[in-house]
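Examination of the molecular architecture
Listed here are the chains, written in short residue letters.
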Amino acid sequence: MQSTLSKPLRFSGCGLHSGLTSLITLCPAPANYGIRFVRTDQPPECAVVSATWEMVESSALCTKIMNHAGVSVSTVEHVLAALAGCGIHNARIEIDGQEAPILDGSSRPFALEILRNGIDCFDAPLTVLRILREVTFQSGSAWAKLSPYSEPWISFHIDFEDSAIGIQQKSLTLSNGSFIRELCNSRTFCRSKDVDAMRANGLALGGTLENAVVFDGDSVLSPGGLRHKDEAVRHKMLDAIGDLCLAGGPIIGHYTGHCAGHAITNGLLRALFEDKRAYEWVKCDADLYQILPGFNTSLAELPLVA
C-alpha cells in the first residue's frame, strides 16, 4: 500500500547556498501522485517540478531539479531523504523560493514532524524497483553502483585528507526504521579551507556553524562537536538516499558509493534506466512491504540528540 502525510507540515529557514529564507510546506497527496514540488511564487502553469531523476539539473554541492519552463528547486536531498526514510510515497511540497531551507543541516527536523504527526495509508498497490543486474557509474576516482540484493541496503566509503574526517566507511540495511535510527540526524559538512572558495562562487551563503559541520584539519569547529564519530559518511549516505528517492519508488537492491556525490548518484540512475535488463518494477506484496524503509518506524526510534 502507498502512504502520504497525515497533515500539512510547515518549515521556514534559509537556504544553505542562496542564503535566502523560504517557507516549505509538506502536504498530503493522493495515491499515485508521487512527490512533486510546487513553487508558490510562480504562475500555476509552470510551478510544478516533479521530483524525478530526469528533472535533475547540473549543480554544485546539492541536488537541483528543474521543469521544462526553467523553474527550479535546489537542495532537495534532505527533505527527500526524510520522506523516503519515513516511507512516504506521495507528497505535494509547496515552497515559496528557489532553495529548500537547510534547517539544522540534516533530515531530522523533517523526519521528526512526519513521525510526530503520523502517516496515512491508501489501499492502493505500491510498486518497487528491483535491481536485476549490476550497474556502475564513475567519474574520475569516484563511483557508485547498484547491485541485486534481497532488501534495500546501502554502503559508502569516503577518504578526506583532514584527519578529523579521514577514511570512513559504513554499510547498513534501510529496512524497518534504520534510516531514522542511524542516519537522519547526520549533518552536511565541509572543510574550513573550502568555505571561502565556495562563497566566492556564490555557494554556502547561508552556511553557519549551526547548520553544517565544519572541519579544520584535526578539529571540528562546530559547537558541540559531532553527533556521531562517523557523521560525515553517515551524511553522505543520507544524501544518497535523498537522491535515490528520485528513482520514483523504493529500491530493492544494494547501493554502494565510493567518494560519490549528487552528480554521481544521478548519473547512476540515468545509467540504470538506460539498461532495461538491469531492473524491473514489481508490485509490492505483504512480505516485501515489511522490509521497506519506514515500515514499523516510530517516533521513539529518532536519535535522542539535537
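Structure first, text after, so check above.
Because the structure is predicted, anything quoted here is derived from the model rather than measured.

1. Quick word on helix 2 (residues 108-117)
Where burial is concerned, most of helix 2 is hidden: 7 out of the 10 residues are buried. One or two positions beyond helix 2, positive phi appears at Gly-118, with a value near 95°.

2. Quick word on the sheet that holds strand 21 (residues 279-283)
Across the sheet, which stays open at both edges, the 3 strands sit in the order 19-11-21 with mixed pairing between neighbours. A strand with exactly one partner marks an edge of an open sheet, and here the two such strands are strand 19 (251-252) and strand 21. Where strand 11 (residues 127-131) meets strand 21, 5 bridges bridge the pair, whose relative direction is antiparallel. Its bridge partner lying in strand 21, Ile-131 is registered against Tyr-279.

3. Observations regarding the pattern of salt bridges
Across all of its chains, the model carries 14 salt bridges by this definition. In this structure, the salt-bridge partner of Arg-227 is Asp-104, at a minimum N-O distance of 3.0 Å. On the criterion of sequence distance, the pair formed by Arg-227 in the loop between strand 18 (219-220) and helix 5 (231-244) and Asp-104 in the loop between strand 9 (91-95) and helix 2 is long-range, its members being 123 residues apart. With respect to class, Arg-227 is no different from Asp-104; both count as buried. A salt bridge links Glu-280 to Arg-130; the shortest N-O distance between them is 3.5 Å. With Glu-280 in strand 21 and Arg-130 in strand 11, the pair connects residues that are 150 residues apart, well separated along the chain. Classification of Glu-280 by relative accessible area gives partly exposed; the value is 31%. By sharing partners, the salt bridges in this structure join Glu-161, Asp-162, Arg-191 and Lys-193 into a single network.

4. Re the environment of Val-128
Looking at where Val-128 falls in the secondary structure, it is placed in strand 11. Between the alpha carbons of Val-128 and Cys-284 there is a distance of 6.3 Å; along the sequence they are 156 residues apart. Once residues within four sequence positions are removed from consideration, Val-128 is found in contact with Pro-250, Ile-252, Glu-280, Trp-281, Val-282, Cys-284, Leu-288 and Leu-292.

5. Here's the deal with the state of the cysteines
Tallied over the entire structure, the rule returns 0 disulfides. Of all cysteine sulfurs, the one in Cys-184 lies closest to Cys-86, which takes part in no disulfide; the gap is 7.5 Å.

Criteria and cut-off values
Residues numbered from 1 in each chain as written. Predicted model: local features only at pLDDT ≥ 70, side-chain atom pairs only at ≥ 80, totals over all residues. Heavy atoms only, no water. Buried < 20%, exposed > 50% of the residue type's maximum accessible area, 1.4 Å probe, protein only. Helix = DSSP H or I, 4+ residues; strand = E, 2+ residues; numbered from the N terminus. Pairing = 2+ DSSP bridges. Salt bridge = Lys/Arg side-chain N within 4 Å of Asp/Glu carboxyl O. Contact = heavy atoms within 4.5 Å. Disulfide = S-S within 2.5 Å.

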